[in-house]
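Chain by chain, the residues run as shown.
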Amino acid sequence: MQPFTKRVIDIIRSIPEGYVMTYGQIAEQAGSRRGARQVVRILHSMSEAHKLPWHRVVNAKGEIAIKDGEGRFMQTLYLNGEGVEVDRDGRVDLAAYRYGGG
DNA sequence: AGTGTGACTTGGG
DNA sequence: ACCCAAGCCACAC
């Protein structure tokens, strides 16, 4: 496992309940400004194995990145369950729920 | 080795 | 605020 991967995993696991982070934020804190897509890879392939709170990760606009499907539905459900308000279009208020960086 | 793809991001209109 | 185009990086075929 590469250092970057491990850092990404640690960062995602550090997101508190009721908050979200963006792919770019995670990549940047893990040491790769252009690593958002790696974060996607890691999340996509290791979220189950490492018990990551993948539902607390959204894109730069605050939207749920997954297309329509089971995953998208579950992410909305989990976030609502933690007190995060999710728009009908799958958007959250980053100004209110973003963790890290401000 | 070349081409296509994606749970992304940023800059311009 | 919304849509479009370019940039980026690793993986699959």
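Scoring rules and cut-offs
- Residues numbered from 1 in each chain as written.
- Chains lettered and ligands numbered in written order.
- Predicted model: local features only at pLDDT ≥ 70, side-chain atom pairs only at ≥ 80, totals over all residues.
- Heavy atoms only, no water.
- Buried < 20%, exposed > 50% of the residue type's maximum accessible area, 1.4 Å probe, protein only.
- Helix = DSSP H or I, 4+ residues; strand = E, 2+ residues; numbered from the N terminus.
- Arc of directions from axis to C-beta.
- Contact = heavy atoms within 4.5 Å.
- Near = heavy atom within 4 Å.
- Polar contact = N/O pair within 3.5 Å; in protein donor to acceptor, adjacent residues only side chain to side chain.
- Phe/Tyr/Trp six-rings, centres within 6.5 Å; stacked < 30°, edge-to-face > 60°.
- 1 Å grid on protein atoms, 1.4 Å probe; cavity = no way out; pocket = protein on both sides within 12 Å on 5 of 7 lines; lining within 4 Å.
- Points joined across faces, edges and corners; volume = space filled by probe spheres on them.
- Nonpolar A, V, L, I, M, F, W, Y, C, P; charged D, E, K, R; others polar.

Enquirer: An account of helix 3 (residues 36-46) is needed here, citing residue identities and associated values.
Expert: Considered for burial, the residues of helix 3 that qualify are V39, I42 and L43. Projected down its long axis, helix 3 shows its buried positions confined to an angular sector of 95°, all on one face. Relative to its buried face, helix 3 has exposed residues pointing more than 90 degrees away, namely R37, R41, H44 and S45. Along its buried surface, helix 3 packs onto helix 1 (3-13), helix 2 (23-30) and strand 2 (57-58).

Enquirer: Any chance you could break down the protein's contact with DNA strand C for me, citing the residues and the numbers?
Expert: Residues in close proximity to DNA strand C include R34, R37, Q38, R41 and R91, which together make up its full environment. The sugar-phosphate backbone supplies 82% of the atoms of DNA strand C found within 4 Å of the protein. Within the side chain of Q38, an N or O atom sits 3.1 Å from a phosphate oxygen of DNA strand C.

Enquirer: Tell me what's going on with the packing of aromatic side chains, and back it up with residues and numbers.
Expert: According to the stated counting rule, one finds two aromatic pairs in the structure shown. Between W54 and Y78, the ring centres sit 6.3 Å apart and the planes meet at 90°, which makes this aromatic pair edge-to-face. Of this pair, W54 sits in the loop between helix 3 and strand 2 while Y78 is found in helix 4 (residues 70-81), placing the two residues 24 residues apart along the sequence. Under the relative-accessibility criterion, Y78 is labelled partly exposed at 43%.

Enquirer: Describe the layout of surface pockets, with residues and values.
Expert: If you add up the space inside the largest pocket, you get close to 440 Å³. As for the largest pocket, its lining consists of 13 residues, of which V40, L43, H44, W54 and I66 are closest to the centre. Those elements that provide at least two residues to the lining of the largest pocket are helix 3 and helix 4. If you tally residues by element for the lining of the largest pocket, the top one is helix 3, at four residues. Per-class residue counts for the lining of the largest pocket are eight nonpolar, three polar and two charged. Volume-wise, the second largest pocket comes out at about 220 Å³.

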